[in-house]
Amino acid sequence: MSTTVGDFIVERLHAWGVRRIYGYPGDGINGVFGALSRAQGKIEFIQARHEEMAAFMASAHAKFTGELGVCIATSGPGASHLITGMYDARMDHMPVLAIVGQQARAALGGHYQQELDLVSMFKDVAAGFVQQASVPAQVRHLVDRAIRTAIGQKLVTALVLPNDLQDLPYEEPARKHGTVHSGVGYREPRTVPYPEDLRRAAEVLNAGKKVAILVGAGALHATDEIIAVADRLGAGVAKALLGKAALPDDLPWVTGSIGLLGTEPSYKLMTECDTLLMIGSGFPYSEFMPKEGQARGVQIDIKPDMLSLRYPMEVNLVGDSRETLRELLPLLQPRADNKWRETIDKWTTDWWKKLEERALADAEGGVNPQRTIWELSPRVPSNAIVTSDSGSVANWYARDLKVQRGMMCSLSGGLASMGAAVPYAIAAKFAYPERPVIALVGDGAMQMNNMAELITVAKYWKQWRDPRWICMVLNNGDLNQVTWEQRVMEGDPKFEASQNIPSVPYHQFAESIGLRGILVDRADAMGAAWDQALASDRPVVIEVKSDPNVPPLPPHITMAQAKAFATTLMKGDPDQGHVLLNTAKQVLGSVLPGNKDK
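Residues numbered from 1 in each chain as written. Predicted model: local features only at pLDDT ≥ 70, side-chain atom pairs only at ≥ 80, totals over all residues. Heavy atoms only, no water.

Visitor: Let's hear about the domain arrangement of the protein: which residues, and what values?
Guide: Much of the literature gives interface size as the accessible area that the parts lose upon coming together. You can read the domains of the protein as domain 1 (5-167), domain 2 (195-345) and domain 3 (361-589). In this structure, domain 1 and domain 3 have C-alpha centres spaced 32 Å apart. With 24 residues of domain 1 at the contact, the number on the domain 3 side is 31 residues. Among the residues domain 1 hides against domain 3, the three largest losses belong to Arg49, Met53 and Phe64. Together they make up 35% of the total. Linking domain 1 to domain 3 there are zero salt bridges. Counting the contacts that link domain 1 with domain 3 gives 14 residue pairs in polar contact (both at pLDDT 80 or more). Those elements that provide at least two residues to the side of domain 1 that touches domain 3 are strand 1 (20-23), strand 2 (44-47), helix 3 (51-65) and helix 5 (83-91). Tallied by class, the residues present in the side of domain 1 that touches domain 3 amount to 11 nonpolar, six polar and seven charged. (Domains from an automatic or database assignment. Contact = heavy atoms within 4.5 Å. Buried area = accessible area lost by both parts, 1.4 Å probe. Salt bridge = Lys/Arg side-chain N within 4 Å of Asp/Glu carboxyl O. Polar contact = N/O pair within 3.5 Å; in protein donor to acceptor, adjacent residues only side chain to side chain. Helix = DSSP H or I, 4+ residues; strand = E, 2+ residues; numbered from the N terminus. Nonpolar A, V, L, I, M, F, W, Y, C, P; charged D, E, K, R; others polar.)

Here you go:
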């Protein structure tokens, strides 16, 4: 039997190291699916319930493994459904390849069924490289260039394959003018700045008396180097959300997350520092950075276009974070004075006590949502992978989850899309079937698209070496993050028509498809629920009846926010009584009697 174009594509993907593809079938891509079948398992195909979820899985695969993530879909709606997940990868600089079908070449331009201009449609999200194949001899260099561009530049790329082309016999490009002869292979180079630039950076850092470090996803592989540099400089370290797993939270000078979802110590670290070292982060919010002119700055990033973008840096270093820090460390001078570190240690100690008080405070309309993750932290296995959705659950993930060394964590960062936590957790489990995986989700995201992907878990979980896959759903009947944004940013009461969502028995749905379901409607049952889930012999959905009116307090409340919140209350919020009581408990903490159920 002759090798078809589809067969060649599968073989070429395998030669590039691809071992897993996420997607959904359709007649526009059947030629490649037939080739996957004939390849007899050389590349594993994972069937998502929706193409968007498949693209999220490909993005998560790239995040958790450092490898190319691959998703596949049919023409027309299958291809268009991929776009949100592809944008997630693009915004977070992840290498992802999308392979999509197209109508037959002779039909193109004829307003044919499911005929979309896919190259134009993907032109932005797959800005790294997007091409439609025309002849068999072209496919070789299209596959090679798409993959090399994606992994070499950390970009999203796309290949569009007309359905009739996929079944044609494959032809190697002829040795003549107008043909391209490409090859397989890429190894990431060692990228470090010039010695004189490292010396300039060291001069700035050595002159600082109050050094702050901000780390992001680009620093996840540089834990030891960050610790060494921070110790040498006597610095405190804040973490952007995508860099949450870069450092363990048991280090007293690690101040936790930064930003609206961040911590008070991180806010103080940035407002009081005189020097900023930013490593592998594109954290976007300038109001949580030092004031311009307050601190001298040094930034390390592998992508030049991210340098001096968030804060005007004095020294910009293009390089891999781990390799650059290794070169920088011998040039740094140890600090004789520990006062800055001692101040940071006190901030973090006081902050963890405050978080405990907030987490253990009674809530008026259900389980305090902070309690859910506060109870998880001491129980989470050190090799766990934790994913979070967007929404109010991300507040508690950002602040209350204590990361241990060896854990992995992620969420949709730059895109901040709803619906990423469950597909992320599925991809994590396929990449590391021996590790426990935990997804933290709100009921809005669960209803939007994550609930269906529990069926994907039910389909595949028996092949995982460790069956522990846990999804915790905060069921509060509210699109909670937006509700609080309406109150605090717009000064508007909760708009019930847009914010209220129906209550669904998520734990019963899990049971109905062969998973385990646990319902938690009392705060003092939360710890036992985590214990039960972590000991389960099958995936678990923990449904928590949580209070939507526990405020996700920012690390610093501005006058504008306070004024907007007061305006909301004057206008009359439908949940005003619970909002006031819960806010008082969160702000006053242990001062109020009866706010704990220890």
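Visitor: An account of the side chain of Asp301 is requested, with residue identities and associated values reported.
Guide: Within the fold, Asp301 resides in strand 11 (residues 296-301). As a buried residue without a salt bridge, Asp301 has its nearest oppositely charged side chain in Lys303, at a separation of 7.1 Å. For Asp301, the residues in contact, after removing those within four places along its chain, are Gly280, Ser281, Met306, Leu307, Leu317, Val318 and Gly319. (Buried < 20%, exposed > 50% of the residue type's maximum accessible area, 1.4 Å probe, protein only. Lys, Arg positive; Asp, Glu negative; His and termini not counted.)

Visitor: Would you mind going over the state of the cysteines in detail, with residue names and values included?
Guide: Within this structure, the stated rule accounts for zero disulfides. With no disulfide of its own, Cys471 has Cys409 as its nearest cysteine by sulfur position, at a separation of 16 Å. (Disulfide = S-S within 2.5 Å.)

Visitor: Which residues make up the sheet that holds strand 6 (residues 156-162), and what values go with them?
Guide: Across a sheet, strands are paired by hydrogen bonds formed along the backbone, either parallel or antiparallel in direction. Across the sheet, which stays open at both edges, the six strands sit in the order 2-1-3-4-6-5 with parallel pairing between neighbours. At either margin of the open sheet sits one strand with a lone partner, and together these are strand 2 and strand 5 (129-132). Averaged over neighbouring strand pairs, the angle between their axes works out to 20 degrees when direction is ignored. Pairing geometry for strand 3 (residues 69-73) and strand 4 (residues 96-102), over five bridges, is parallel. When the bridges of strand 4 are listed, Ile72 appears paired with Ile99. (Pairing = 2+ DSSP bridges. Axes fitted to C-alpha atoms, helices over the stretch in contact; angles between N-to-C directions.)

Visitor: Report on unusual backbone geometry, specifying residues and quantitative values.
Guide: In this model, Gln40 sits at a positive phi of 55 degrees, which is unusual for a non-glycine residue. Along the chain, the position of Gln40 falls in the loop between helix 2 (30-38) and strand 2. Given a relative accessible area of 73%, Gln40 falls into the exposed group.

Visitor: Please provide a residue-by-residue account of the nonpolar core, values included.
Guide: Formed by 50 residues in total, the largest nonpolar core has its most connected members in Ile213, Leu214 and Trp253. The next biggest cluster of nonpolar side chains, apart from the first, holds 40 residues, and it includes Ala48, Ala54, Ile385 and Ala421. (Core = buried A, V, L, I, M, F, W, Y, C linked by side-chain atoms within 4.5 Å.)

Visitor: Outline the packing of helix 9 (residues 195-207) against helix 12 (residues 321-328), listing residues and values.
Guide: Contact geometry of helix 9 with helix 12 gives a least axis separation of 10 Å together with a crossing angle of 70 degrees. Comparing their axes, helix 12 and helix 9 come out roughly perpendicular. Counting all contacts with helix 9, which are made through Leu198, Ala201, Ala202 and Leu205, the residues of helix 12 involved are Thr324, Glu327 and Leu328. (Parallel < 35°, antiparallel > 145°, perpendicular 65-115°, else oblique.)

Visitor: Account for the pairing of strand 15 (residues 437-442), with residues named and values stated.
Guide: In terms of burial, strand 15 is largely enclosed, as six of its six residues are buried. Neither face of strand 15 is left uncovered, since the one carrying Val437, Ala439 and Val441 and the one carrying Ile438, Leu440 and Gly442 both have all their residues buried. In the sheet, strand 15 pairs with strand 16 (residues 469-475) via six bridges, with the strands oriented parallel. From the neighbouring strand, Leu440 faces strand 16, where its bridge partner is Met472.

Visitor: Got a sec to walk through the side chain of Ser388? Specific residues and values, please.
Guide: Take Ser388: it is sitting in strand 13 (residues 385-388). With a relative accessible area of 1%, Ser388 lands in the buried category. Each residue touching Ser388, except ones within four places of it in the same chain, is listed here: Val393, Ala394, Tyr397, Ser410, Leu411, Ala421 and Leu440.

Visitor: Kindly report on the sheet that holds strand 7 (residues 211-215), identifying the contributing residues and their values.
Guide: Spatial strand order, 9-8-7-10-11-12: six strands in an open sheet with parallel pairing. Of all the strands in the sheet, just strand 9 (254-257) and strand 12 (315-318) have a single pairing partner and so form its edges. Taking the axes of each pair of neighbouring strands and ignoring which way they run, one obtains an average angle of 15 degrees across the sheet. Bridge count for strand 10 (residues 275-279) against strand 11 is five bridges, and the pairing is parallel. Paired with Leu277 across the bridge in strand 11 is Val298. Relative to strand 12, helix 9 is tilted by about 130 degrees, and along the sheet it contacts strand 7, strand 10, strand 11 and strand 12.

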